[in-house]
Amino acid sequence: IENEIKTNKEPVVSLLKSWQASLYWSYYQQMRWQLYNRTQTVDFKQDDIATWSVDDFHKKIAELYLGSIKEESLLQKTKPELFEPIITKGNRRYLRPTLYDLLAHRALNYFQSDERDINKPAYPFEIDKASACEPAADFVRAKFPTKDSTSLQQKALFIYQKLIAFHLNDTRPDALIDVDLQRIVFVNQKSVHPEKDQLYFNALNHIAQQYP
């Protein structure tokens, strides 16, 4: 797949990066208990994934998933139908109307996970701001700074902001409502804000009022 990425063009490259990320993640999940006992190597050329540590895997997986949605403008103009033979088709295509939606949601499956919580940094990122539960139009402008450059949760919020901003002015709001509800559930699950239950209720109530 590395060779295919080097020799292909967009949007195929984005698809391949997403696929490769999922393969690394699948391998990591199968081998995680062996990997937890490994130490981090320094100044060592790690061509063989059999030598990788937990951090090596997460760094590579995150890099690939973020790389898979980097070409936002192109992906947002590309319809999934072009890649029908390799896509598992659901019954609500309008919820994933573009290739960007499809790849961003695949990335979110990883970034919403707790996989990195085993090795927490000195200054771990936490969802502690009420702005994470604000209405969509306000949420996309919120800032979530952190010293934790490896945080999956912070990157998940970033992707949610990108996806919601993309659909904010859609004529048909289905894709927006779908991703916004996912964002609110995710924030409620991960938030450490003392009033997160009330914020959760307010956020759901706002959507119900705006889109009866």
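In the block above lies the structure referred to throughout.
Residues numbered from 1 in each chain as written. Predicted model: local features only at pLDDT ≥ 70, side-chain atom pairs only at ≥ 80, totals over all residues. Heavy atoms only, no water.

Trainee: Would you mind going over the layout of surface pockets with me for this structure?
Mentor: Where empty space is left can be seen by rolling a probe of water-molecule size over the atoms. When its volume is computed, the second largest pocket comes out at roughly 380 Å³. Forming the walls of the second largest pocket are 16 residues, and the residues nearest its centre are Ser 18, Ile 86, Leu 102, Leu 103 and Arg 106. Secondary-structure elements contributing two or more residues to the lining of the second largest pocket are helix 2 (12–35) and helix 5 (99–111). Its residues placed into classes, the lining of the second largest pocket shows 8 nonpolar, 6 polar and 2 charged. (1 Å grid on protein atoms, 1.4 Å probe; cavity = no way out; pocket = protein on both sides within 12 Å on 5 of 7 lines; lining within 4 Å. Points joined across faces, edges and corners; volume = space filled by probe spheres on them. Helix = DSSP H or I, 4+ residues; strand = E, 2+ residues; numbered from the N terminus. Nonpolar A, V, L, I, M, F, W, Y, C, P; charged D, E, K, R; others polar.)

Trainee: Quick question: what am I supposed to make of the packing of aromatic side chains here?
Mentor: Each aromatic ring pair is summarised here by two numbers: the centre-to-centre distance and the angle between the ring planes. This structure, assessed with the given rule, holds 12 aromatic pairs. Ring geometry for Tyr 24 and Trp 52: centres 5.3 Å apart, planes at 25°, overall stacked. On the criterion of sequence distance, the pair formed by Tyr 24 in helix 2 and Trp 52 in the loop between helix 2 and helix 3 (54–68) is long-range, its members being 28 residues apart. One exposure class covers both Tyr 24 and Trp 52, and it is buried. For the ring pair Tyr 110 and Phe 111, a centre distance of 5.1 Å and an interplane angle of 65° mean the geometry is edge-to-face. For the pair shown, Tyr 110 and Phe 111 are each scored as buried. Among the aromatic residues, those joined into a cluster by ring pairs are Tyr 24, Tyr 27, Tyr 28, Trp 52 and Phe 57. Of note, Arg 172 hangs over the ring of Tyr 94, and the distance from its end group to the ring centre comes to 4.0 Å. Over the aromatic face of Phe 139 sits the side chain of Arg 183, whose NZ or CZ is 4.2 Å from the ring centroid. (Phe/Tyr/Trp six-rings, centres within 6.5 Å; stacked < 30°, edge-to-face > 60°. Buried < 20%, exposed > 50% of the residue type's maximum accessible area, 1.4 Å probe, protein only. Lys NZ or Arg CZ within 6 Å of the ring centre and 35° of its normal.)

Trainee: Just to check I follow, could you spell out unusual backbone geometry for this structure?
Mentor: Excluding glycine, a negative phi dihedral is what most residues carry, and trans is how most peptide bonds are arranged. Following Glu 10, the chain continues into Pro 11 via a peptide bond in cis, with omega recorded as 5°. Along the chain, Pro 11 falls in the loop between helix 1 (2–7) and helix 2.

Trainee: Just checking my understanding: could you explain the nonpolar core for this structure?
Mentor: Soluble globular proteins: nonpolar side chains tend toward being buried together. Judged by nonpolar contacts, the single largest core of 45 residues is most densely connected at Ile 61, Tyr 65, Tyr 110, Phe 111, Leu 157 and Ile 159. Listed by contribution, the elements that provide at least two residues to this core are helix 2, helix 3, helix 5, helix 6 (136–139), helix 7 (152–167) and helix 8 (174–190). In terms of residue count, helix 5 provides more of this core than any other element does, 8 residues in total. Those residues in contact with Phe 111 that lie beyond four places of it in its chain are Ala 62, Tyr 65, Leu 66, Leu 152, Gln 153, Lys 155, Ala 156 and Ile 159. (Core = buried A, V, L, I, M, F, W, Y, C linked by side-chain atoms within 4.5 Å. Contact = heavy atoms within 4.5 Å.)

Trainee: Hey, could you run me through the side chain of Ser 14 in this one?
Mentor: Within the secondary structure, Ser 14 sits in helix 2. In this structure, Ser 14 is in contact with Gly 67, Ser 68, Glu 71, Leu 75 and Leu 103, ignoring residues within four places of it in sequence.

Trainee: How do you make sense of the pattern of salt bridges when you look at a structure like this?
Mentor: Close approach of charged atoms allows side chains of opposite charge to pair. Summed over all chains, the structure comprises 9 salt bridges. Put simply, Arg 96 and Asp 178 hold a salt bridge, and the shortest N to O gap is 2.8 Å. Placement of the pair is Arg 96 in the loop between helix 4 (72–76) and helix 5 and Asp 178 in helix 8, with a sequence separation of 82 residues. Taking relative accessible area as the criterion, Arg 96 reaches 23% and is therefore assigned partly exposed. Two residues, Arg 183 and Asp 180, come together in a salt bridge whose shortest N-O distance is 2.6 Å. Here the residue Arg 183 and the residue Asp 180 both occupy positions in helix 8, the gap between them amounting to 3 residues, near one helical turn. (Salt bridge = Lys/Arg side-chain N within 4 Å of Asp/Glu carboxyl O.)

Trainee: Just checking my understanding: could you explain helix 3 for this structure?
Mentor: Structural remark: α-helix, 3.6 residues per turn; residues separated by three or four positions point the same way. The end-to-end C-alpha separation of helix 3 is 21 Å, in line with the 21 Å expected for 15 residues at 1.5 Å each. Counting buried residues along helix 3, 11 of its 15 residues qualify, which places the element largely inside the surrounding structure. For helix 3, the full list of buried residues reads Val 54, Asp 56, Phe 57, His 58, Lys 60, Ile 61, Ala 62, Leu 64, Tyr 65, Gly 67 and Ser 68. Contacts from the buried residues of helix 3 go to helix 1, helix 2, helix 4 and helix 5. (Expected span 1.5 Å × (residues − 1).)

Trainee: Mind showing me how you'd approach the environment of Arg 141 here?
Mentor: Within the secondary structure layout, Arg 141 lies in the loop between helix 6 and helix 7. By relative accessible area, Arg 141 is classed as exposed at 59%. Considered as a pair, Arg 141 and Gly 67 are 74 residues apart in the sequence and their alpha carbons are 22 Å apart. Side chain to side chain, Arg 141 and Asp 138 meet in a polar contact 3.1 Å long. (Polar contact = N/O pair within 3.5 Å; in protein donor to acceptor, adjacent residues only side chain to side chain.)

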